[in-house]
Amino acid sequence: MKIPSSSATDLEKKDLRHMVSMKDFTTEEMDNMMELMSMLKEARKDNAIPHLFKDKSVAMIFEAGSTRTRISFEVAATLLGGHGLFLSPKDIHLGSGKESIDDTARVLSRMCDIVMARTNSPDTIDALCRMSTVPVINGLDTRFHPTQMLADLFTIKEHITDGRKLSDLTLAFMGDATDVCRSLLLTCTKYGMNFKQIGPKKYQMQQEWLDMADEFCKESGASYEITDDVEKISECDVVYGDSFYWVTQLDEKKERLAAFMPDYVITEELMSKAKPGALLLHCLPANDKEEVTREALEGPQSVAFDEAENRLTAQMAILVYFTHKFSKEPTEEVKKEHETKIKDFLKNI
Ligand code: CP
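From a predicted model like this one, the values you see are computed outputs, not experimental measurements. (Residues numbered from 1 in each chain as written. Predicted model: local features only at pLDDT ≥ 70, side-chain atom pairs only at ≥ 80, totals over all residues. Heavy atoms only, no water.)

S.K.: It is not clear to me how the overall build of the protein should be interpreted in this structure. Could you clarify?
M.R.: Check the secondary structure of the protein and you find twelve helices and nine strands. In terms of C-alpha radius of gyration, the protein reaches 22 Å, essentially the compact-globule figure of 20 Å for 349 residues. Viewed in the frame of its principal axes, the protein has a C-alpha envelope of about 80 × 45 × 40 Å. For the protein, the proportion of its 349 residues judged to be buried stands at 52%. Expressed as a percentage of contacts within the protein between residues at least 6 apart in sequence, the contacts between residues at least 24 apart total 74%. Of the roughly 16700 Å² of accessible surface on the protein, a fraction of 52% belongs to carbon and sulfur atoms. (Helix = DSSP H or I, 4+ residues; strand = E, 2+ residues; numbered from the N terminus. Rg over C-alpha atoms; globule rule 2.2 N^0.38 Å. Buried < 20%, exposed > 50% of the residue type's maximum accessible area, 1.4 Å probe, protein only. Contact = heavy atoms within 4.5 Å. Areas by Shrake-Rupley, 256 points an atom, 1.4 Å probe, with all protein chains shown as cover.)

Okay, structure coming up:
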């Protein structure tokens, strides 16, 4: 069934795909996205990125602050020949309660080619997906951070040595069961990578997500472990850091820091206890007085800033991957026909 639209897209309902969580994609699809990233990264090095998003627009809704996600999507759209529209709650009616999410999705779908949203509630992203007739990309809700996951897998793959594959590795997330920790648990076990959360019992992963990971492990052969034992770092090839508290948890800051520090802080000493050549990743922003030290973050094992740069590589691939089927390429003849008609009209008014 064709989706009604007045834009230059030509969508079939069966081709419409949203990106809410990486767990919704097969290993083959994740590999395809990473292959696309690899090609686009090479093209960027040669300053020769093909304009595969030419004349297209990505609507970027940000209910919460962002440095990496905002900049990477906007720059990716520009590099690919298109445009990113930054929409904060101050800029559109969605934030003021004057217009429903459903109507916002309907209108954005008529004018833009893809929607990216960082929302304060999973309900908002789910409603956007339900009503939008163009792809919706989750730029972080309180559950998942799929665009971060794609950059993370790619960054690890880029830095693996000795012919190892992602599925040969064990990744340890240090600290709280954040949205990034949950996303890593599900993405790693779906992809076939082993996962550990190393953090105090009170802040460990909820059972419903472990049940989902159990299903993924059965299919992929991966395993996971949730532990408070920091010594388990010796089994890990990748150490991953994130904030010990989010901006909405400032009232818990003192209690959380007491639970996590000093045992779960990523230091050079902790990194030296991981497997030889282990990588340090951090989704950033980082607090170098809390979850990671400046020395570790800037040390030889850290690839955190390569990871941040790969957010741009990932967003370029995402914009192309989710929209390429819908592009209606006009012939030169059709373009000329419209131009002549409009110019003739303008001459006479
Ligand atoms: N890691 C991440 O999503 O960064 P921003 O919050 O700056 O987008």
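S.K.: Help me understand the nonpolar core, please; the structure alone is not making it clear to me.
M.R.: Nonpolar side chains in soluble globular proteins generally cluster together in the buried interior. Judged by nonpolar contacts, the single largest core of 79 residues is most densely connected at Met19, Leu150, Ile156, Leu166, Leu171 and Leu319. The biggest single contributor to this core is helix H11 (residues 304-323), with eight residues. Of all hydrophobic cores here, the second largest spans 25 residues; its members include Met174, Cys236, Phe244 and Leu284. (Core = buried A, V, L, I, M, F, W, Y, C linked by side-chain atoms within 4.5 Å.)

S.K.: Looking at this structure, I do not really get the site of the ligand. What am I missing?
M.R.: The immediate surroundings of the ligand are formed by Ser66, Thr67, Arg68, Thr69, Arg118, His145, Gln148, Cys283, Leu284 and Arg311. At a separation of 2.8 Å, an oxygen atom of the ligand approaches a polar side-chain atom of histidine 145. Contact with the protein chains covers 94% of the free accessible surface of the ligand, which is 260 Å². Taken atom by atom, the bulk of the ligand overlaps the largest pocket. Taken together, the residues that form the shell around the ligand break down as two nonpolar, five polar and three charged. (Near = heavy atom within 4 Å. Polar contact = N/O pair within 3.5 Å; in protein donor to acceptor, adjacent residues only side chain to side chain. 1 Å grid on protein atoms, 1.4 Å probe; cavity = no way out; pocket = protein on both sides within 12 Å on 5 of 7 lines; lining within 4 Å. Sits in = over half its atoms within 2 Å of the grid points. Nonpolar A, V, L, I, M, F, W, Y, C, P; charged D, E, K, R; others polar.)

S.K.: What is the right way to look at the packing of aromatic side chains in this model?
M.R.: Ring pairs (aromatic) are described by centroid distance and by the angle formed between their planes. Counting across every chain of the model gives seven aromatic pairs. Here phenylalanine 144 and tryptophan 209 contribute two aromatic rings whose centre-to-centre distance is 5.5 Å and whose plane-to-plane angle is 85 degrees, an arrangement assigned as edge-to-face. With phenylalanine 144 in the loop between strand S4 (136-138) and helix H5 (146-159) and tryptophan 209 in helix H7 (residues 207-220), this pair connects stretches of sequence that are 65 residues apart. Given the relative accessible area of 10%, tryptophan 209 is considered buried. Both rings, one in tyrosine 203 and one in phenylalanine 260, keep their centres 4.9 Å apart while their planes meet at 40 degrees; by these two values the pair is tilted. Here phenylalanine 260 lies in helix H8 (residues 253-260) and tyrosine 203 lies in the loop between strand S6 (194-198) and H7, a separation of 57 residues in the sequence. Overall, tyrosine 203 belongs to the buried group, its relative accessible area being 6%. (Phe/Tyr/Trp six-rings, centres within 6.5 Å; stacked < 30°, edge-to-face > 60°.)

S.K.: Is there a simple way to explain the sheet that holds S4 in this structure?
M.R.: Each strand in a sheet pairs with its neighbour through backbone hydrogen bonds, running either in the same direction (parallel) or in the opposite one (antiparallel). Read from one edge of the open sheet, four strands run S2-S1-S3-S4, paired in parallel fashion. Looking along the sheet, the strands with just one partner apiece sit at the ends: strand S2 (83-87) and S4. Each strand of the sheet is rotated relative to its neighbour by a mean of 20 degrees, with strand direction disregarded. Against the sheet, H11 makes contact with strand S1 (57-62), strand S3 (114-118) and S4, and its axis sits at roughly 135 degrees relative to S3, the strand it touches most. (Pairing = 2+ DSSP bridges. Axes fitted to C-alpha atoms, helices over the stretch in contact; angles between N-to-C directions.)

S.K.: Is there a simple way to think about the pairing of strand S9 (residues 279-282) in this case?
M.R.: On any regular strand, side chains alternate: one points to one face of the sheet, the next to the other face. Here S9 shows a buried face lined by Leu279 and Leu281 and a second buried face lined by Leu280 and His282. Where strand S8 (residues 238-241) meets S9, four bridges bridge the pair, whose relative direction is parallel. If you follow glycine 241 over to S9, its bridge partner there is histidine 282.

S.K.: Quick question: what am I supposed to make of H7 here?
M.R.: Each turn of an α-helix holds 3.6 residues, which means side chains three or four residues apart point in the same direction. The terminal C-alpha atoms of H7, which comprises 14 residues, lie 20 Å apart, in line with the 20 Å expected from a rise of 1.5 Å per residue. Buried within H7 are the following residues: Trp209, Leu210, Ala213, Phe216 and Cys217. Down the axis of H7, the buried side of the element spans an arc of 115 degrees, and every buried residue falls inside it. The outward face of H7, more than 90 degrees from its buried face, is lined by the exposed residues Glu208, Lys218 and Glu219. Buried residues in H7 make contact with helix H6 (179-191) and strand S7 (224-227). (Expected span 1.5 Å × (residues − 1). Arc of directions from axis to C-beta.)

S.K.: How should I be thinking about the pattern of salt bridges in this particular structure?
M.R.: Pairs can form between side chains of opposite charge once their charged atoms are near each other. Within the structure shown, the criterion is met by 28 salt bridges. Between lysine 201 and aspartate 228 there is a salt bridge, with the nearest N and O atoms lying 3.0 Å from each other. You can see lysine 201 sitting in the loop between S6 and H7 and its partner aspartate 228 sitting in the loop between S7 and S8, a full 27 residues away along the chain. Connected through shared salt-bridge partners, Lys196, Glu225, Lys232 and Glu235 make up one network. (Salt bridge = Lys/Arg side-chain N within 4 Å of Asp/Glu carboxyl O.)

S.K.: Is there a simple way to think about unusual backbone geometry in this case?
M.R.: Trans is the common state for peptide bonds, and a negative phi is the common state for residues other than glycine. Residues methionine 261 and proline 262 are joined by a peptide bond in cis, for which omega reads 5 degrees. Of note, the amide linkage connecting leucine 284 to proline 285 takes the cis form, showing an omega dihedral of 5 degrees. Within the secondary structure layout, proline 285 lies in the loop between S9 and helix H10 (294-297). One non-glycine residue, aspartate 162, lies in the positive phi region at around 60 degrees. In this fold, aspartate 162 is placed in the loop between H5 and strand S5 (170-174). Residue leucine 284 is not a glycine yet carries a positive backbone phi of 60 degrees. Along the polypeptide, leucine 284 turns up in the loop between S9 and H10.

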